Amino acid sequence: TAMVYDWCYPQLTADDKILFITHLERLARMLETGYPPTRGGAITGHAGEAMLFRDMLGAGIAIYEEKPEMYRLASQRIFAEHIPARNFFYPSASHHQGSAYGPYRYSWEILCAWMLKRMTGEDYFVHKQSQVPYRWVYTRRPDGLLLANGDVFRSGSTSRADMLTAAYYGDAFLQYQFVNAKDFNRADPVEQILFWNPALEPKHVPLPVARFFGFPLSSTIARTGWDENSAIVEMKMQDYQFNNHQHLDDGSFQIFYRGPLAIDSGLYATYGTDHDTNYLKRTIAHNAMLVFDPEEKFRRGQAVNDGGQRWPANGSEPANLEALLNNGYQVGKVTRQQTSDESSVLEGDLTKAYSDKVVAYRRRFVFVNLHDAKRPAALVVYDRITSAKPEFKKTWLLHSLDEPVVKDAITVIRRNGGKLVNQTLEPAAFRIVKVGGPGHEFEVAGANHPPNRPPRPEDEAGSWRIELSPAQPAAADSFLNVI
């Protein structure tokens, strides 16, 4: 409606303009943000999508001469709340809403940058915004999908984000990503007309095979190459938990080689269902550490105790940057990182990711590119963890699509010709229990929590995990696993 008003402006009568403005205000009042747009958070949720970043801002620009109120209301909130929050997390070259909602919400953010740039000639988002799509470049698998991160739909589409970013920042590599994408034609045609720069020559620039994505969403993505036989490892050590579509998976890892081997499990079907609340978003669904305090309560006592990480603010989403920084959303801290094409080290303090049941917890990842066609890479995962009480059971998790084979200290996972071999070196005495199979795929505390629709093979929801625990209770334990 704003585009019709703006582009057909010379043809509109005074009565036409009044009619348009009346209905634009009516539509604005129907939005989830309300009008004035005071509802919803500035960091997560739908208020960070089209409603403010495109619809109300665009309409406000179109009718500004006749009635500037809508522009002033929309832009005031965008500049006061939305832009500062994004300028806080953009330096990580990542988006906290994951591999599905991340590209979607980022697309509205870069579109907003475009609208403000065309209007004023100025940049209001930090230049590190330009690097956010590279997270999806590094996590793209040879089959075109992205490594799962947060709530996912498995589409792997980042075309719109790539197109808008390539044109805004003159990025020839992202232009190459866009024009060679399978869903090239899915980008909005009006947005392509307005923003795509066909004169920008696409270039496939060689990239390092490993990259560290920094504060406040720290992680390292290490690859052995960019072809169909490349191994890809994600090592996560995020500093802040944003809730919403982000999971309680600090310190987790994933491995892909010819197929998904060590996976993020679960199925995102419907937000807030039993599966979503008690399994998918919880630590137990990830390759991370559990510490079980039988008295611990999760999410106002309404969720099952999985022994995992805490929900900051009891699961509430931070309303703005001030809330994020001051209400317990910090969950981790990188203490060491070193990244090269040959090897990568990522170490972090994850104590704050858990309740006071954990006194101290550090996890260290060491990735080595072996340059071997039959055995391309190795990952060492080392944990030092101390619980408040010796009887709080500690459990090291490894998830897979297919049933693992466990013999003594060796766990083997196979998929599509890829093979993962995990050797447990510490604790000195341990137990490994397999959990999974029909009726047990999403088991927590002895009860299965299946999604509200049957998983399809392409969902990669997982069916199995191993649970590795010390044989005897102790306050302090070490775990050393070589994959």
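Note that the coordinates shown come from a computational prediction; the quantities given were computed from them, not determined experimentally.

Moving on to empty space enclosed by the protein. Taken as a whole and judged by the stated rule, the model has five cavities of 30 Å³ or more. Estimated volume of the largest cavity: approximately 120 Å³. Forming the walls of the largest cavity are 13 residues, and the residues nearest its centre are His95, Arg135, Asn149, Leu217 and Gln238. Grouping the amino acids of the lining of the largest cavity by side-chain chemistry returns two nonpolar, nine polar and two charged. A volume near 90 Å³ is recorded for the second largest cavity. In this structure, the second largest cavity is lined by Ser99, Ala100, Leu145, Leu146, Ala148, Val152, Phe153, Arg154, Ser155 and Gly156. Within the lining of the second largest cavity, the residues separate by chemical class into six nonpolar, three polar and one charged.

It is worth spelling out the packing of helix α7 (residues 159–169) against helix α8 (residues 172–179) at this point. Orientation of α7 relative to α8, taken along the N-to-C sense of each, is 145°, at an axis distance of 8 Å. Between α7 and α8 lies a crossing whose hand is left-handed. Residue-level inspection shows Ser159, Asp162, Met163, Thr165 and Ala166 of α7 in contact with α8, the latter providing Leu174, Gln175, Gln177 and Phe178. By residue class, the composition of the contact of α7 with α8 is four nonpolar, four polar and one charged.

So, about helix α5 (residues 101–120). For α5, which comprises 20 residues, the first-to-last C-alpha distance of 29 Å matches the rise-based estimate of 28 Å (1.5 Å per residue) to within 8%. Positive phi appears at Gly121, one or two residues downstream of α5, with a value of about 80°.

Our next topic: the sheet that holds strand β4 (residues 253–257). If you walk across this open sheet you meet the five strands as β1-β2-β3-β4-β5, and the pairing is antiparallel. The open sheet is flanked by β1 (210–213) and β5 (260–262), the only strands paired with a single partner. Along the sheet, successive strands turn relative to each other by an average axial angle of 15°, direction set aside. Strand direction decides the pairing type here: β1 and strand β2 (residues 219–223), joined by four bridges, are antiparallel. Paired with Ala210 across the bridge in β2 is Ala222.

Turning our attention to the nonpolar core. One recurring pattern in soluble globular proteins is that nonpolar side chains are buried together. Of all hydrophobic cores here, the largest spans 52 residues; its most connected members are Met70, Ile110 and Leu324. Put simply, the parts of the chain that give this core at least two residues each are α1 (2–7), α2 (14–30), α3 (50–62), α4 (69–89), α5, α6 (132–138), α7 and α11 (321–326). Top contributing element to this core by residue count: α5, with nine residues. The contact partners of Met70, leaving out residues within four places of it in the chain, are Leu24, Glu25, Ala28, Tyr35, Met56, Ala59, Gly60 and Ile63. Listed in part, the 35 residues of the second largest apolar core include Phe253, Leu261, Val358 and Phe392.

This brings us to the sheet that holds strand β15 (residues 430–436). The antiparallel open sheet is built from four strands, whose spatial order is β6-β11-β18-β15. The open sheet has two free edges, formed respectively by β6 (289–292) and β15, since each of these has just one partner strand. Strand-to-strand, the axes of this sheet are offset by a mean angle of 25°, without reference to chain direction. Here five bridges tie strand β11 (residues 393–400) to strand β18 (residues 464–470), and the two strands are oriented antiparallel to one another. In the strand pairing of β18, His399 is matched with Arg465.

Rules and cut-offs
Residues numbered from 1 in each chain as written. Predicted model: local features only at pLDDT ≥ 70, side-chain atom pairs only at ≥ 80, totals over all residues. Heavy atoms only, no water. 1 Å grid on protein atoms, 1.4 Å probe; cavity = no way out; pocket = protein on both sides within 12 Å on 5 of 7 lines; lining within 4 Å. Points joined across faces, edges and corners; volume = space filled by probe spheres on them. Nonpolar A, V, L, I, M, F, W, Y, C, P; charged D, E, K, R; others polar. Axes fitted to C-alpha atoms, helices over the stretch in contact; angles between N-to-C directions. Helix = DSSP H or I, 4+ residues; strand = E, 2+ residues; numbered from the N terminus. Left-handed = near helix turned anticlockwise from the far one by under 90°. Contact = heavy atoms within 4.5 Å. Expected span 1.5 Å × (residues − 1). Pairing = 2+ DSSP bridges. Core = buried A, V, L, I, M, F, W, Y, C linked by side-chain atoms within 4.5 Å. Buried < 20%, exposed > 50% of the residue type's maximum accessible area, 1.4 Å probe, protein only.

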